[in-house]
Amino acid sequence: MLVSWNVTKECNLRCAHCYRDAGERMPDELTTEEGKALLKDMALAGFRVVILSGGEPLLREDIYDLIACARENGLRPVLGTNGILIDPSVAKRLKEAGLARAGMSLDSVDPDLHDRFRGEKGAWEKIVQATRACREAGLEFQIHTTVTQWNWERVLDITGYSAELGALAHHVFFLVPTGRGKGIEDFALKADQYRTLLRAIVARQWDAEIELKPVCAPQFVPLARETGVAMRFSRGCLAGVSYCCVLPNGDLHPCPYLPLTLGNVRYEGFKRLWEEHTVFKDLRAAHYTGRCGKCAHRQSCGGCRARAWHSAGDYLGEDPACLYIRGSGALC
């Protein structure tokens, strides 16, 4: 099981697709001591991996203490960062604190296109330098790419380049219109583009040099099984089943892209909410409606719960980006 904790809303970039609408720090973000108590509660709830993200987590001064605390409680801490603050000294400190892996953003093999998407000139080069710093420090890293209509045809080029940089994985995030992402919803992939790219990613699994995983595209699991591709992932959408997200102020969501507040860990406790909240129980029981409720793949895929929510305001509704026809299990 894995959990995301957005440790801060503060960020040094203003990316157009940001699901957290990051920029300024929230006035009521969890303190260091509250964060350490949260990490302990996550471990007691049975979680094994914690993703420390943001905003930009490296802007939080106590991030190294939080990483060390996660390790002390038996969690595997990983970092979700835009990467531009990672230099040799930062990479060394992250490694010494016990960070298992850093996930950094790279959206194009073309520096100008990446910089335009991230809103900062020179961001691409800083990412490349960050990967070198991680290699020198012996710190594992992976590359994250957000897919839109402007870069979807060259996503697999980024996979190859990620391998050249020394990354151990390339995770491809399909745009969900939440946060600032609502403002670029028109740039999300169309149905035919979604199908084409997802099939290409699954096909590339046969000879990919590194782990290649779609995110917010849960149909990849049944699709991979049907094509005989072996992978370690057994379920597509993990929201509420083996995954959830804590916001900087302690609010708890089923996933970072599904803005459904289920309580606050500061007042109600993470473990209690995770084990007892009705929404989590519904998601684990797979009480889906529409095509997802009838689909033969509802347990292995699950449909994107965030996309269902943004489409019709129903976290148990059907995923509008589904590859399958009317829940029959037959591919479009």
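Presented here is a report on the structure given in the accompanying data block. What you see as residue numbers is a count from 1 along each chain, following the sequence as written. Predicted model: local features are reported for residues with pLDDT of at least 70 only, side-chain atom pairs are reported and counted for 80 or more only, and whole-chain, interface and lining totals are derived from all residues. Excluding hydrogens and water, the side-chain values take into account all heavy atoms of the structure.

Description of the overall build of the protein
Link 1 in the chain: In this text, helices come from DSSP runs of H or I with a minimum length of four residues, and strands from runs of E with a minimum of two, each type numbered from the N-terminal end. Scanning the protein for helices and strands turns up 13 helices and nine strands.
Link 2 in the chain: Note that the radius of gyration is over C-alpha atoms, with the globule rule given as 2.2 Å times the number of residues to the power 0.38. Its C-alpha atoms give the protein a radius of gyration of 19 Å, within 12% of the compact-globule value 20 Å for 332 residues.
Link 3 in the chain: Taken over the C-alpha atoms alone, the protein extends approximately 55 × 45 × 35 Å along its principal axes.
Link 4 in the chain: Exposure classes here rest on a 1.4 Å probe applied to the protein chains alone. A residue is buried below 20% of its type maximum, exposed above 50%, and partly exposed in between. Put simply, the protein has 332 residues, and 59% of those count as buried.
Link 5 in the chain: Working rule for contacts: check all heavy atoms of both residues, and any pair within 4.5 Å makes them a contact. In the protein, once contacts between residues fewer than 6 apart in sequence are set aside, the share between residues at least 24 apart is 69%.
Link 6 in the chain: With 42 positive and 41 negative side-chain charges, the protein shows a separation of 5 Å between the mean positions of the two kinds. In this tally, Asp and Glu contribute negative charge and Lys and Arg positive charge; neither His nor the terminal groups of the chain are included. Charge positions come from single atoms, namely NZ of Lys, CZ of Arg, CG of Asp or CD of Glu.

A few points about the environment of G240
Link 1 in the chain: Structurally, G240 can be placed in the loop between helix 8 (220–226) and strand 8 (243–246).
Link 2 in the chain: Once the C-alpha coordinates of G240 and V3 are considered, the two residues, 237 residues apart in sequence, prove to be 10.0 Å apart.

Focus on the side chain of R118
Link 1 in the chain: The topology assignment puts R118 in helix 4 (residues 111–118).
Link 2 in the chain: For R118, a relative accessible area of 6% puts it in the buried group.
Link 3 in the chain: What qualifies as a polar contact is a pair of N or O atoms within 3.5 Å, subject to a donor-acceptor requirement within protein and to the restriction that residues adjacent in sequence count only when both atoms come from side chains. A polar contact is formed between the side chain of R118 and the side chain of D107, at a distance of 2.6 Å.
Link 4 in the chain: In this view, R118 contacts L13, R14, C15, H17, S105, D107 and T146; residues no more than four positions away in its chain are not counted.

Observations concerning the packing of aromatic side chains
Here a ring pair, both rings aromatic, is described through the centre-centre distance and the interplanar angle of the planes.
Link 1 in the chain: Between rings of Phe, Tyr and Trp, where Trp is taken as its six-membered ring, a pair exists when centres lie within 6.5 Å; planes separated by under 30 degrees are stacked, by over 60 edge-to-face, and by other angles tilted. Overall, the coordinates contain eight aromatic pairs when judged by the stated rule.
Link 2 in the chain: Geometrically, the ring pair formed by F220 and F233 is edge-to-face, given 6.1 Å between the ring centres and 75° between the ring planes. Placement of F220 in helix 8 and of F233 in the loop between helix 8 and strand 8 is noted, with a sequence separation of 13 residues between them. A single burial state applies to F220 and to F233, both of which are buried.
Link 3 in the chain: Each residue in the set F47, F270, W274 and F280 is aromatic and connected to the rest through ring pairs, giving one cluster.
Link 4 in the chain: Each ring is checked for a lysine NZ or an arginine CZ that lies within 6 Å of its centre and within 35 degrees of its normal; such an atom marks a charge sitting over the ring. Above the face of the W274 ring, R284 is positioned so that its terminal group lies 4.2 Å from the ring centre.

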